[in-house]
Amino acid sequence: MSRGLKQWLQRVAVGTQYPPFTWLYRLLYSLAISLCTRRIKRIRAVRAIYLRRGLAESRPLYGLSDIDLLVIVEGELDGRAAARVRHAYERLRRVIPMLPGPAELGVYNWEYFRSLYDSTPFYRARFDQGRLGWKRLYGEDIFRALPPLHDGARQTVWQELRPAWNYLALELIPESAPGSHGVPRPNYARRYVAYKAIAEAARSCLVALGENASLPRDRAVMHAASAFPEIATELKEVQQMR
């Protein structure tokens, strides 16, 4: 799908976030997720498929919320099974505009999934959050091989801020800046990304203070406005950005 057509569809969806359009978008997303699940699970070595991140964890913004998938396969990550998953994903992207780029597809085997959890604080915090919020679409429980969830994850929750702020910097980069290729993101996308980054910061702060790690972005911003009255006005403006 061309960039221009995709942005036009996004503008229409962002401008119609109310019934009956949201009912239609919910149906379209559901059908797209079902199609992805049916296609990928037909690959024999696929052990599990999960829907993760915003679409699984909180109320989506149809048109801008991507379908972020994680797939567990048997065998090596540079082997045939993983290659077949990526090939199937690329073919699905031709007909499903809600699928992000191939770099956003998570393909792991059991060994790599566990090693990331054991050796990387960032992934440990993300996977611990995932077992509270991700949605299993097919197959085995990917969290069965991980240790029980414990409060130590709160000590590394700040790691969640790094990708949020890096992503924000890329999305809001000026048109004239190096690396922008002269193609800035549309304003509606920039506002949404800014909202997500600030909401992630609010959620990480609240989780570090003892809130449940499965707290959705929407509620995180509202709770932060109550917890920190000195910035309540600014956070209410952020909530409106969504």
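Please read all numbers here as calculations on a predicted model, not as lab measurements. (Residues numbered from 1 in each chain as written. Predicted model: local features only at pLDDT ≥ 70, side-chain atom pairs only at ≥ 80, totals over all residues. Heavy atoms only, no water.)

What follows deals with the environment of Leu132. Tracing the sequence through the fold places Leu132 in helix H6 (residues 121-133). The class of Leu132 is partly exposed, set by a relative accessible area of 38%. Spatially, the C-alpha atoms of Leu132 and Glu57 are 8.6 Å apart, while their sequence positions differ by 75 residues. (Helix = DSSP H or I, 4+ residues; strand = E, 2+ residues; numbered from the N terminus. Buried < 20%, exposed > 50% of the residue type's maximum accessible area, 1.4 Å probe, protein only.)

Here we take up helix H8 (residues 187-208). Helix length check: H8 (22 residues) gives 32 Å between terminal C-alpha atoms against 32 Å at 1.5 Å per residue, within 8%. Two residues or fewer after H8 comes Gly210, characterised by a positive phi angle close to 120°. (Expected span 1.5 Å × (residues − 1).)

On to helix H10 (residues 232-241), then. Counting along an α-helix, one turn takes 3.6 residues, and residues three or four places apart therefore face a common direction. Where H10 is concerned, the buried positions are Ala232, Leu235 and Val238. Buried positions in H10, seen along its axis, are confined to an arc of 115° and lie on one side of it. Those residues of H10 that are exposed and angled more than 90 degrees off the buried face are Thr233, Lys236 and Gln240. (Arc of directions from axis to C-beta.)

Let us now look at the nonpolar core. Ile67, Leu69 and Val85 are the most contacted members of the largest nonpolar core, which has 29 residues in total. Breaking this core down by element, the ones donating at least two residues are helix H2 (21-41), strand E1 (46-52), strand E2 (68-73) and helix H4 (80-93). What Val85 contacts, discounting residues up to four positions off in sequence, is Ile40, Ile43, Val46, Val71, Val73, Leu105 and Val107. Among the nonpolar cores identified, the runner-up in size contains 17 residues, and Tyr188, Ala202, Ala225 and Ala232 belong to it. (Core = buried A, V, L, I, M, F, W, Y, C linked by side-chain atoms within 4.5 Å. Contact = heavy atoms within 4.5 Å.)

So, about the packing of H8 against helix H9 (residues 217-227). It is at 8 Å that the axes of H8 and H9 come closest, and there the two elements cross at 60°. Between H8 and H9 lies a crossing whose hand is left-handed. Between H8, through Tyr195, Lys196, Ala199, Glu200, Ala202, Arg203 and Leu206, and H9, the contact on the second element is made entirely by Arg217, Asp218, Ala220, Val221, His223, Ala224 and Ala227. Grouping the amino acids of the contact of H8 with H9 by side-chain chemistry returns eight nonpolar, one polar and five charged. (Axes fitted to C-alpha atoms, helices over the stretch in contact; angles between N-to-C directions. Left-handed = near helix turned anticlockwise from the far one by under 90°. Nonpolar A, V, L, I, M, F, W, Y, C, P; charged D, E, K, R; others polar.)

Counted under the stated rule, the structure contains 13 aromatic pairs. Linked through ring pairs, Tyr50, Tyr108, Tyr112, Phe113, Tyr123, Phe127, Trp134 and Phe143 together constitute an aromatic cluster. Sitting over the face of the ring of Tyr117, Arg124 holds its NZ or CZ atom 6.0 Å from the ring centroid. One cation-aromatic arrangement involves Arg144 over Trp110; the distance from NZ or CZ to the ring centre is 4.5 Å. (Phe/Tyr/Trp six-rings, centres within 6.5 Å; stacked < 30°, edge-to-face > 60°. Lys NZ or Arg CZ within 6 Å of the ring centre and 35° of its normal.)

Once that is clear, we can look at the sheet that holds strand E3 (residues 106-108). Each strand in a sheet pairs with its neighbour through backbone hydrogen bonds, running either in the same direction (parallel) or in the opposite one (antiparallel). Strand order in the open sheet formed by four strands is E3-E2-E1-E4, and the pairing between neighbours is mixed. Both edges of this open sheet fall to E3 and strand E4 (135-139), since each of them pairs with a single strand only. Averaged over all neighbouring strand pairs, the angle between strand axes comes to 15°, with direction disregarded. Both E1 and E2 contribute to a ladder of six bridges, which runs antiparallel. Along E2, the bridge assignment pairs Arg52 with Asp68. (Pairing = 2+ DSSP bridges.)

This part is about the pattern of salt bridges. Counted by the stated rule, this structure contains 10 salt bridges. The shortest N-O distance in the salt bridge between Asp118 and Arg114 comes to 2.9 Å. One end of the pair is Asp118 and the other is Arg114, both in helix H5 (residues 110-119) and four residues apart, which spans about a single turn. Looking at Asp118, the relative accessible area reads 41%, which means it is partly exposed. Classification of Arg114 by relative accessible area gives partly exposed; the value is 29%. The partner of Glu200 in a salt bridge is Arg217, with the nearest N and O atoms 3.0 Å apart. With a gap of 17 residues between them, Glu200 in helix H8 and Arg217 in helix H9 connect regions that are remote in the sequence. This pair shows no difference in class: Glu200 is buried, exactly as Arg217 is. (Salt bridge = Lys/Arg side-chain N within 4 Å of Asp/Glu carboxyl O.)

Everything listed here is a matter of coordinates, which is why it stays silent on function.
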